Amino acid sequence: MRVLGAATAVALGYRPLFRVPAALGWRRKQVNWKFCRWCSSGIIPNEKIRNIGISAHIDSGKTTLTERVLYYTGRIAQMHEVKGKDGVGAVMDSMELERQRGITIQSAATYTMWKDVNINIIDTPGHVDFTIEVERALRVLDGAVLVLCAVGGVQCQTMTVNRQMKRYNVPFLTFINKLDRLGSNPARALQQMSQIIRYGEIPAELRAAAADHRQELIECVANSDEQLGELFLEEKVPSISDLKLAIRRATLSRSFAPVFLGSALKNKGVQPLLDAVLEYLPNPSEVQNYALLNQEDDSKEKTKILMNSKRDNSHPFVGLAFKLEAGRFGQLTYVRNYQGELRKGDTIYNTRTGKKVRVQRLVRMHADVMEDVEEVFAGDICALFGIDCASGDTFTNKDNSGLSMESIHVPDPVISVAMRPSNKNDLDKFSKGIGRFTREDPTFKVHFDIESKETIVSGMGELHLEIYAQRMEREYGCPCITGKPKVAFRETITAPVPFEFTHKKQSGGAGQFGKVIGVLEPLDPENYTKLEFTDDTFGTNVPKQFVPAVEKGFLDACEKGPLSGHKLSGLRFVLQDGAHHMVDSNEISFVRAGEGALKQALANTTLCILEPIMAVEIIAPNEFQGSVIAGINRRHGVITGQDGIEDYFTLYADVPLNNMFGYSTELRSCTEGKGEYTMEYCRYQPCLPSTQEDLINKYLEATGQLPVKKGKAKN
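Fair warning: this is a prediction, and the values are worked out from it, not measured in the lab.

(A) View of the overall build of the protein. Secondary structure summary: the protein contains 18 helices and 34 strands in total. If you take every contact in the protein between residues at least 6 apart in sequence, the share linking residues at least 24 apart comes to 74%. As displayed, the protein has an accessible area near 33500 Å², and 51% of this comes from carbon and sulfur atoms.

See the structure below:
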């Protein structure tokens, strides 16, 4: 993709806009916002609307840039810093936790006016742990501004955002920020974006250099745009309007990305960027959005239907719920309108559930401030109250309820921790908070592990889960304790062992009697998770009605192994013979006989502990191959294969689950945040002798059979 340097802004006829602060006598024109919203609702055409997102790596200045945009467009009266000394914080960081930490956690929506064009803006987080917020925003936006730091240049999350823009085919402008910082080097940032274009203020003595840059710009755009290419080949000099139109066409086709420079903190370069948003980014009618027709035959070929972007009610309403948020008045559902009109009081249908809901309240959002509106049209972003739905649901009216918008890509969670409330009386608050967070965030997954009796939460990183633990305490008054989840180890035997066990009990009246004879065998490695029971008895020594009781006793006794207290698995209980008593034998007698037979067999054989092995797939740039392989070896992993595509390699390995905790943080550290991994359960295999010894000692200490070592807390 080609990029356009900000020097070209001057070549195109831009003049640097210097604003005089209000304190020095300059009075900004305040805009009548009520008028703006009515214009956006029905009067202003598509050409006067832009839906944009501001995305970047962590700490590149996205929120500060949004604050300056809102100030210079007259949307807010005062500017505040993200972590300013006044303690107010930026308008878009409305959550208390965001202001305290100085980071954006949730994407926030707002709207403003610039040169009579209505701009809907979504400010997104930069941290990789909150990547779903960027994903949801780009899914519903028509264009974007990619912010780069002039010191850091292209960083890991910049590449992730670029991949997301490519996935949803979103054209974008680039704004290289923080030129005021020591060590800023915009030329290096541009070089990392695969095109070297230098920029500076253009004094009189550098006019010749500016002319050279203008020629370079024309050549660059001519390579991406056919119409300008023809003018260039005919050696004609294009006019400024020809050049601007060519840049717009190339930007919309994603073969070109204009780059602008500035410093949001020092209020430089914001107005040229706003002008570029109007001139080079698409309006809703220039983006083709498709809905899928839900067919009953479940065919792989889905029929796509093009949405009509006319801002009237001539076509049926179609909208996508892309974000949920629990507000002061209940669940707030952000909706992008793709077709038709939605009015307050309308009845709409959720195409996933088939339920119909009535639109009680329709609002526009400015961070956490709401403004009621009566209707919205295609191209608008609004919010609804009291709608029960999930993120990614499609709403339509009855006429076309078989439609659904393409769903949002949701990455798989990479880290899991055990979470529980520190006070058992807060379980209701805990479950309420967990339920709300899972509805709002598709990357936040929760399940209850029956074996370890723990609630396991999974997310995109340690910060992601830490933020949710803090929100649980702040918003629900429920402090939580997080810790490493328990691994589901298993115990099994290494060789077949015979058993012959008699259960007798005399208690004055009818006693208990049951005798079982047979063999306990280990299963093959691929069946290590199973328990099998085989009945090889002949005759009536063990009556058939008591055989299920023997099996129940065997399965009950497998719940806790003698070595480390974990479940037994990978066993086959073969019942060969036995004996019964006409009076004393009953079902409970043979349950106890089955339990006793298993314990007797285990006492006479050697046991080993099995651990789950995960199939891990790691993708990272080639320059980090050595450190990634070393990290897998440190975790006792076995590398099973390797692939390579362009500058990235894919490593396949089998690693014990017990050694994978904390790997996401380590991988990000050793690959500068550019590495990703996924893992899934593969099989069970015997663990290392050192791991087995540690597990046995912990179990003996926990049960009081071994004194606890000094300096070690009792588990």
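(B) Examining the pattern of salt bridges more closely. Under the definition given, this model contains 18 salt bridges. Among the ionic pairs, Glu500 bridges to Lys515, the shortest N-O distance being 3.2 Å. Residue Glu500 is found in strand E26 (residues 497-505), and its partner Lys515 is found in strand E27 (residues 512-522); the two are separated by 15 residues along the sequence. Classification of Glu500 as partly exposed rests on a relative accessible area of 48%.

(C) Structural context of the confidence of the model for the protein. Across the protein, the average pLDDT comes to 76, with 81% of residues at 70 or higher. Taken together, the stretch residues 1-42 has pLDDT below 50 and engages in 106 contacts with residues farther than four places along the chain or on a different chain. The low-confidence segment residues 195-200 (pLDDT under 50) makes 16 contacts with residues lying over four places distant or belonging to another chain.

(D) Structural view of the sheet that holds strand E28 (residues 531-535). The four strands lie next to each other as E26-E27-E30-E28, forming an open sheet whose pairing is mixed. Among the strands making up the open sheet, the edge pair consists of E26 and E28. Averaged over all pairs of adjacent strands, the angle between their axes in this sheet comes to 25°, without regard to strand direction. In terms of strand pairing, E27 meets strand E30 (residues 571-579) through eight bridges, oriented antiparallel. Bridging across to E30, Val519 finds its partner in Val574. Those strands touched by helix H14 (residues 547-557) are E27, E28 and E30, and its axis lies near 155° from that of E28. In the packing of helix H15 (residues 587-603) onto the sheet, the strands contacted are E26, E27 and E30, and the crossing angle to E27 comes to about 40°.

(E) Quick look at the sheet that holds strand E8 (residues 290-293). One open sheet accounts for three strands, arranged E9-E8-E20; its pairing is antiparallel. Only two strands of the sheet have a single partner each, and these edge strands are strand E9 (303-306) and strand E20 (403-405). Here the strands of the sheet are splayed against their neighbours by 40° on average, with no regard to which way each runs. Relative to E20, E8 runs antiparallel, the two sharing three bridges. Bridge assignment links Leu293 to a residue of E20, and that residue is Leu403.

Here is what the cut-offs are and how they apply
Residue numbering note: each chain is counted from 1, following its sequence as written. Where local features are concerned, this predicted model is filtered to residues with pLDDT of at least 70; where side-chain atom pairs are given and counted, the filter is 80 or more; whole-chain, interface and lining totals use all residues. To get the side-chain values, take all heavy atoms of the structure and skip hydrogens and water. Secondary structure follows DSSP: runs of H or I at least 4 residues long count as helices, runs of E at least 2 residues long count as strands, and numbering of each begins at the N terminus. By the convention used here, residues are in contact when the closest approach between their heavy atoms is within 4.5 Å. Surface accessibility follows the Shrake-Rupley procedure with a 1.4 Å probe radius. Residue values consider only the protein chains on display as shielding. Between Lys or Arg on one side and Asp or Glu on the other, a salt bridge is scored when a side-chain nitrogen of the former is within 4 Å of a carboxyl oxygen of the latter. Here's how the labels work: a residue is buried when its accessible area is under 20% of the maximum for its type, exposed when over 50%, partly exposed in between, all with a 1.4 Å probe on protein chains only. On a scale of 0 to 100, pLDDT captures the predictor's confidence in every residue. Pairing between two strands is assigned when DSSP locates at least 2 bridges connecting them. Convention adopted: a line fitted to C-alpha atoms gives each axis, helices being fitted over their contacting stretch, and angles between N-to-C directions are expressed from 0 to 180 degrees.

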